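Structural features, examined
Listed below are the residues making up each chain.
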Amino acid sequence: MIQVYNTEARKKAPLEPVVPGHVNMYVCGPTVYDSCHIGHARPAVVFDTIRRHLEYSGLSVTFISNITDIDDKIINRANELGITCKALAGRYQDEYESDMARLGVRSPTIRPKATEHIGEMIDLIKGLEEKGIAYVTPRGVWFDVSKFADYGKLSGRKTDDENTEHRVEQDQEKKNPQDFALWKFSKPGEPEWDSPWGKGRPGWHIECSAMSGKYCDFQLDIHGGGADLSFPHHENEIAQSEAYTGKQFVKYWMHNGFITVGKDDDDEEIKMGKSKGNAFWLHDAFEVASPAALRMWILGTHYRGPLLYKPEFLKTGENSLDRIYNCLEAITRYLGEGGIKEAVGGETGAFSEECENADKAFREAMDDDFNTPQALAVVYELVGKANSAVTSGASKADCAKALLTIHAHLGVLGLPVERPKDGGAGADQFIKLLIEIRTEARKNKDFALSDKIRDDLAAMGVVLNDRSGETTWTAK
RNA sequence: GGCGACGUAGCCAAGUGGUAAGGCAAUGGUUUGCAAAACCAUCAUGCAUCGGUUCAAAUCCGAUCGUCGCCUCCA
């Protein structure tokens, strides 16, 4: 049974979807007004991995992740650059999707855009207005928090909390400081849509409610996002959705922890955020290490915990991954030309059982609130055993089974099953030529030449490995 | 001020009552022309500190110290 930590209940509970065998997941996507920083990678990788494990466990999953393509930040940025909001959002959505693809994040089942669901949002706001929960002021349409008794149940905040009054923007027109915008009237020059209340644009929170409503009938099994979203964003989503339908909106709220960044000057850790001017862009991180290593680094910590970012951590992720790929390549060489197909039917031994135990342990780790560090430990233990099996000449059927098991686990974790090669494809033939020359030199005991070839290639990032009678290479 | 999280080896990080996983780094050995990879061995009598509960605590309770997050756009 899969156990899920629910932010609202603040404890783990068995995952029991509304419809047995099927899970509806909604994960808050990005506001596309700039390039992705590494903070965007965590929820995407975490919830993608959760989705993969649910499917590995035999559940079907509808995975929805939205794109917020209209918002104050988008308007401001578009004005700065002198382009339309649509052009800006389109550009950064493309960038987001390509960055996520590099990280092995699968496309969601549905990727709804806010601007394509204005009608649904208006219908929702109308419904709230009819129930007397929304009211209109000269600036927009607001949600009346005092009309929703459960307000604050997710974050543990109360509407009469006097401390919030110091913080929340004071607006004389609002009935309560915590009332939030459902619809904002447009100022001249801003993008706008017609509505029963006047031209304007939707508030930030309404899109997730409207789109969950459209695609999942206001009933989500899992709703995920970054920990910062639980208040006010998710709190407000609950208010809108449950006030509208009168039924429970989300069964399990899941929030990933934050990434913090070590400051370069001294050892001070400070929060990563664009407002602080120390964003670490994803494309910068990809310069330091492969996307797979970045994913490895994220999965090396439990998703709810804090994650400290230092570029060198990506390097160790790379080294860890190498251990896995070295093993997989060793098994593949061991299986020979017949490969997995030929090996699979063969005679199995004790190691076969180890593989089954490993799969069981892997599932147990992931079933326990998606404990990816524990799951990775299981993978490494199997890697060690598989290495021994290959060197001790275990049955090929067993080794093939280990290979398939590790492949399956890498698949759940969303890591590539083959070592990512970032060297140019054209380089391959030249490296092979150099290896041939070096092999000749070694036969002639010309070690000065053979070592020069190996060292010089290493300096270029190509590492040669002499195995029994064969030389292979990997890109570093 | 309100709410919450965390403090486990040189580094990263699981473990929430039964005697400290895993990875990176490091050291010795086997192997190798030398390397690399792999394998074997070593690497926390101790889990921020101090008390308490218990047959038993990293795990539960209390206090202290320290770090961080949310409360405002943020993944």
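The structure reproduced in this document is the subject of the present report.

This part is about the sheet that holds strand β5 (residues 134-137). On the basis of which strands lie adjacent, the open sheet formed by four strands has the order β5-β6-β7-β8 and antiparallel pairing. Bordering the open sheet on either side are β5 and β8 (200-202), each of which pairs with just one other strand. Averaged over all pairs of adjacent strands, the angle between their axes in this sheet comes to 25°, without regard to strand direction. Note that β5 and strand β6 (residues 140-143) share four bridges and pair antiparallel. Looking at the pairing, A134 lines up with F143 of β6. Taken strand by strand, helix α4 (residues 118-130) contacts β5, β6, β7 (180-185) and β8, and its axis lies near 120° from that of β7. Here helix α7 (residues 230-245) sits on the sheet and contacts β6 and β7; the angle it forms with β7, its principal contact strand, is near 85°.

What follows is about the pairing of strand β3 (residues 22-27). Across the six residues of β3, five count as buried, placing the element largely inside the fold. For the crossover from β3 across helix α1 (residues 38-56) to strand β4 (residues 60-65), the handedness is right-handed. In the sheet, β3 pairs with strand β9 (residues 220-226) via three bridges, with the strands oriented parallel. Along β9, the bridge assignment pairs Y26 with H223.

Right, let's talk about the nonpolar core for a bit. One finds M25, L54, F143 and L294 to be the most contacted residues of the largest nonpolar core, which totals 126 residues. Among the elements that line this core, the one with the most residues is helix α13 (residues 372-391), at ten residues. Both of domain 1 (3-256) and domain 2 (311-413) provide at least three residues apiece to this core. Those residues in contact with M25 that lie beyond four places of it in its chain are F47, I50, R51, L54, V61, T62, F63, I64 and I222.

What follows deals with the sheet that holds β3. The strand order across the open sheet formed by four strands is β4-β3-β9-β10, and the pairing between neighbours is parallel. The sheet is open, and its two borders are formed by β4 and β10 (250-256), each paired with just one other strand. Mean inter-strand twist for the sheet, computed between neighbouring axes without regard to direction, equals 20°. Against the sheet, helix α6 (residues 206-216) touches β3, β4 and β9, its axis set at about 160° to β3. The sheet strands contacting α7 are β9 and β10, and the helix crosses β10 at an angle near 165°.

A few words now on the packing of aromatic side chains. The tally for this structure, following the rule as stated, stands at seven aromatic pairs. A network of ring pairs unites the aromatic residues F280, W297 and Y309 as a single cluster. If you follow R304 out to its NZ or CZ, it ends over the ring of Y5, 3.9 Å from the centre. When the ring centre of Y303 is taken as origin, the NZ or CZ atom of R304, which lies over that ring, is 5.9 Å away.

Cut-offs applied
Residues numbered from 1 in each chain as written. Chains lettered and ligands numbered in written order. Predicted model: local features only at pLDDT ≥ 70, side-chain atom pairs only at ≥ 80, totals over all residues. Heavy atoms only, no water. Pairing = 2+ DSSP bridges. Helix = DSSP H or I, 4+ residues; strand = E, 2+ residues; numbered from the N terminus. Axes fitted to C-alpha atoms, helices over the stretch in contact; angles between N-to-C directions. Contact = heavy atoms within 4.5 Å. Buried < 20%, exposed > 50% of the residue type's maximum accessible area, 1.4 Å probe, protein only. Right-handed = clockwise from strand over helix to strand, strands pointing away. Core = buried A, V, L, I, M, F, W, Y, C linked by side-chain atoms within 4.5 Å. Domains from an automatic or database assignment. Phe/Tyr/Trp six-rings, centres within 6.5 Å; stacked < 30°, edge-to-face > 60°. Lys NZ or Arg CZ within 6 Å of the ring centre and 35° of its normal.

Worth remembering: the numbers are spatial, not functional.
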